[in-house]
Amino acid sequence: MEELLRQTADLAAEFLRQLPERPVGPPVDPAGLQAALGGPLPDGPIDPRQVITDMAAAADPGIVASAGPRYFGFVVGGSTPAALAADWLTAVWDANAGMCVSAPAAAVIEDVAAGWVLDLLGLPSTASVGFVTGATMASFTCLAAARHAVLAQSGWDAERDGLFGAPAPRVVVGAERHVTIDVALRYLGLGSDRVLVAEVDQQGAMLAGSLQALLEAGDGPAIVCAQAGNVNTGAIDPLAEVCEIAHRHGAWVHVDGAFGLWAATTPALRPLLAGVSGADSWATDGHKWLNVPYDSGLAIVADPHAHAAAMGMTASYLVSASAEPDPYTWTPESSRRARGIPIYAALRSLGRAGVAELVERCCALANRFAVRLGAADGVEVLNEVVLNQVLVRFADSDEATREVVARVQADGTCWAGGTTWQGRGAMRISVSNWSTTEADVDRSADAILRAFAAS
Ligand SMILES: *Cc1c(COP(=O)(O)O)cnc(C)c1O
């Protein structure tokens, strides 16, 4: 075992050493990967050292350098050293973090991490926190709590009696919500198509007046899904107004802040999130801007009773080891890995100043992209760069923009995806990695402008 782990550590170190200079999105040959990794299930055992060496070698051509400094696709973070090392130990300890009795240390570490996250994000210290797989399941969890609370207002017990025959809550979303809000609503039986859609401004932020008109047009229980950090533009809904209007109508406010909530960690950006602490639930990710390895989201609910009513469980053999609720009270799973441990390590190693610096640096680098690219003839930046997202359009043409995106991806210096923003094709650049430098941005901007010149 020891030799295997040392050998694996060497493989990992070598990968990380090469990561900054790997072609960022190599052309992938799925058939070649299949041939190298596939074949029939072996009849007998193979030495684990051999399995790991072979798998690492065979997988290598299919590994995208998304953990590296010049991957700007989607909203993807890398892994800070402390978070990565803690993730390894989490697997080594292999504790079932659902219960205090099976993972007392993990329960305490996660409890501490939860407190730090609430403090950093400026959320109520009394809120409950569930460590889930990502923002999708965080919204699912939070909206389950919302469903419980708004139906309880009408005297209906959604957990016991289900939704058939229940008073139908109104669900308001912004026109530029993330698609995973629709998915969460679908999982919850609230339906993705029966939502009321509030209009948004040019940056994709919800118009408070539109929300107000929708809520005034009807009555009964309601849930409002707001957003902090539009996945294209970075725009943040006017949260103070949204909360004020929604609460005046007795509605629950959920904030999808997968990456945008982290803007609260720096005084420079905190005003964008004014009023955020007045919401009822918040979904965010550890694996995006905090740069923790994947499988890391946080479901945060202001009212722990609603959270526990939606997610908790009891069984005769589930004997609690402490006076505190067991961690499974806050997540959809019973057994799970101790996802909060890498978050704890990331926060402890960065400290308050380090998190703020990471967030500010990514925003400054996004701005650097916008300035460098926007200065070139025929290149237009489509969004106000408020956070770490930049939308770039070339030659005011969908076709030219698509071609530049394809050339950039094939070139391998950096990777950025394509999108459509309010009917216009764009390249989407997200700066979310802890290790990205100004030199990386300059090198990537040069590659993008070269691709445009060649198209
Ligand atoms: C990424 C993202 C999500 C989904 O998060 P996952 O971690 O992929 O589940 C939801 N909302 C927004 C705004 C996002 O950027």
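We now turn to the structure provided with this report. (Residues numbered from 1 in each chain as written. Predicted model: local features only at pLDDT ≥ 70, side-chain atom pairs only at ≥ 80, totals over all residues. Heavy atoms only, no water.)

### Side note on the side chain of S430
- Positionally, S430 belongs in strand β11 (residues 424–430).
- Only 3.2 Å separates the side chain of S430 from the backbone oxygen of F74, close enough to count as a polar contact.
- Only 2.8 Å separates the side chain of S430 from the side chain of Q389, close enough to count as a polar contact.
- Setting aside anything within four residues of it in sequence, one finds S430 in contact with Y71, F72, F74, V75, N388 and Q389. (Helix = DSSP H or I, 4+ residues; strand = E, 2+ residues; numbered from the N terminus. Polar contact = N/O pair within 3.5 Å; in protein donor to acceptor, adjacent residues only side chain to side chain. Contact = heavy atoms within 4.5 Å.)

### Concerning empty space enclosed by the protein
- The tally for this structure, following the rule as stated, stands at one cavity of 30 Å³ or more.
- Forming the boundary of the largest cavity are G174, E176, R177, V200, G204, M206, C225, Q227 and D237.
- Residue composition of the lining of the largest cavity, grouped by class: three nonpolar, three polar and three charged. (1 Å grid on protein atoms, 1.4 Å probe; cavity = no way out; pocket = protein on both sides within 12 Å on 5 of 7 lines; lining within 4 Å. Points joined across faces, edges and corners; volume = space filled by probe spheres on them. Nonpolar A, V, L, I, M, F, W, Y, C, P; charged D, E, K, R; others polar.)

### Considering helix α4 (residues 81–93)
- With 13 residues, α4 ought to run about 18 Å at 1.5 Å a step, and its terminal C-alpha atoms sit 18 Å apart, in line with that.
- For α4, the complete set of buried residues consists of A83, A86, D87 and T90. The buried residues of α4 occupy one face: seen down the axis, they fall within an arc of 110°. In α4, those exposed residues whose orientation departs by more than 90 degrees from the buried face are P81 and V92.
- Check the buried side of α4 and you find it contacts α12 (340–374). (Expected span 1.5 Å × (residues − 1). Buried < 20%, exposed > 50% of the residue type's maximum accessible area, 1.4 Å probe, protein only. Arc of directions from axis to C-beta.)

### Brief notes about the site of the ligand
- If you check the shell around the ligand, you find 13 residues, and the closest are T136, D256, D285, H287 and K288.
- Separating an oxygen atom of the ligand from a side-chain N or O atom of T136 is a distance of 2.5 Å.
- At a separation of 2.7 Å, an oxygen atom of the ligand approaches a polar side-chain atom of H287.
- Across the shell around the ligand, the residue classes tally to four nonpolar, six polar and three charged. (Near = heavy atom within 4 Å.)

### Examining the sheet that holds strand β3 (residues 196–198)
- Judged by pairing direction, the sheet is mixed, and its seven strands sit side by side in the order β1-β7-β6-β5-β4-β2-β3 without closing on themselves. Looking at the sheet topology across the chains shown, the edges are occupied by β1 (128–132) and β3. Sheet twist, expressed as the average angle between the axes of neighbouring strands with direction ignored, equals 20°.
- Pairing of strand β6 (residues 281–285) with strand β7 (residues 297–301), which is carried by five bridges, proceeds in the antiparallel orientation. Looking across to β7, one finds that T284 is bridged to L298.
- In the packing of helix α5 (residues 104–121) onto the sheet, the strands contacted are β1, β6 and β7, and the crossing angle to β1 comes to about 110°. (Pairing = 2+ DSSP bridges. Axes fitted to C-alpha atoms, helices over the stretch in contact; angles between N-to-C directions.)

### Comments concerning the nonpolar core
- F369, M427, I429 and I448 are the most contacted members of the largest nonpolar core, which totals 78 residues.
- The element contributing the most residues to this core is α12, with 13 residues.
- When residues of this core are assigned to domains, at least three map to each of domain 2 (85–346) and domain 3 (355–454).
- Leaving out residues up to four positions away in the same chain, I448 has contacts with F369, L373, F394, V404, V408, C414, M427 and I429.
- The next biggest cluster of nonpolar side chains, apart from the first, holds 30 residues, and it includes A144, A149, A166 and L190. (Core = buried A, V, L, I, M, F, W, Y, C linked by side-chain atoms within 4.5 Å. Domains from an automatic or database assignment.)

### Some words on the pattern of salt bridges
- Considering all chains together, one arrives at 27 salt bridges under this definition.
- The partner of D161 in a salt bridge is R160, with the nearest N and O atoms 3.1 Å apart.
- Here R160 falls in the exposed class, since its relative accessible area comes to 63%.
- A salt bridge links E403 to R407; the nearest nitrogen and oxygen atoms lie 2.9 Å apart. Within this pair, E403 and its partner R407 are both found in helix α13 (residues 398–411), separated by four residues, close to a single helical turn.
- The exposure class of E403 is partly exposed, given its relative accessible area of 33%.
- Residue classification places R407 among the partly exposed positions, given a relative accessible area of 35%. (Salt bridge = Lys/Arg side-chain N within 4 Å of Asp/Glu carboxyl O.)

### Considering the packing of aromatic side chains
- Tallying each qualifying case throughout the model produces seven aromatic pairs.
- Seen in terms of ring centroids, Y71 and W415 are 5.2 Å apart; in terms of plane orientation they differ by 10°. Their pairing is stacked. Residue Y71 is found in the loop between α3 (48–59) and α4, and its partner W415 is found in the loop between α13 and β10 (417–421); the two are separated by 344 residues along the sequence. By the burial criterion, Y71 is buried, and W415 matches it. (Phe/Tyr/Trp six-rings, centres within 6.5 Å; stacked < 30°, edge-to-face > 60°.)

### Some points on the layout of surface pockets
- Within this model, the largest pocket holds a volume of roughly 1100 Å³.
- If you trace the largest pocket, you find 38 residues lining it, with A12, F15, L16, I63 and L84 closest to the centre.
- Secondary-structure elements contributing two or more residues to the lining of the largest pocket are α1 (2–18), α3 and α4.
- The element contributing the most residues to the lining of the largest pocket is α1, with seven residues.
- Partitioned by chemical class, the residues of the lining of the largest pocket number 25 nonpolar, nine polar and four charged.
- When residues of the lining of the largest pocket are sorted by domain, at least three fall in each of domain 1 (2–67) and domain 2 (85–346).
- Counted as a void, the second largest pocket has a volume near 470 Å³.

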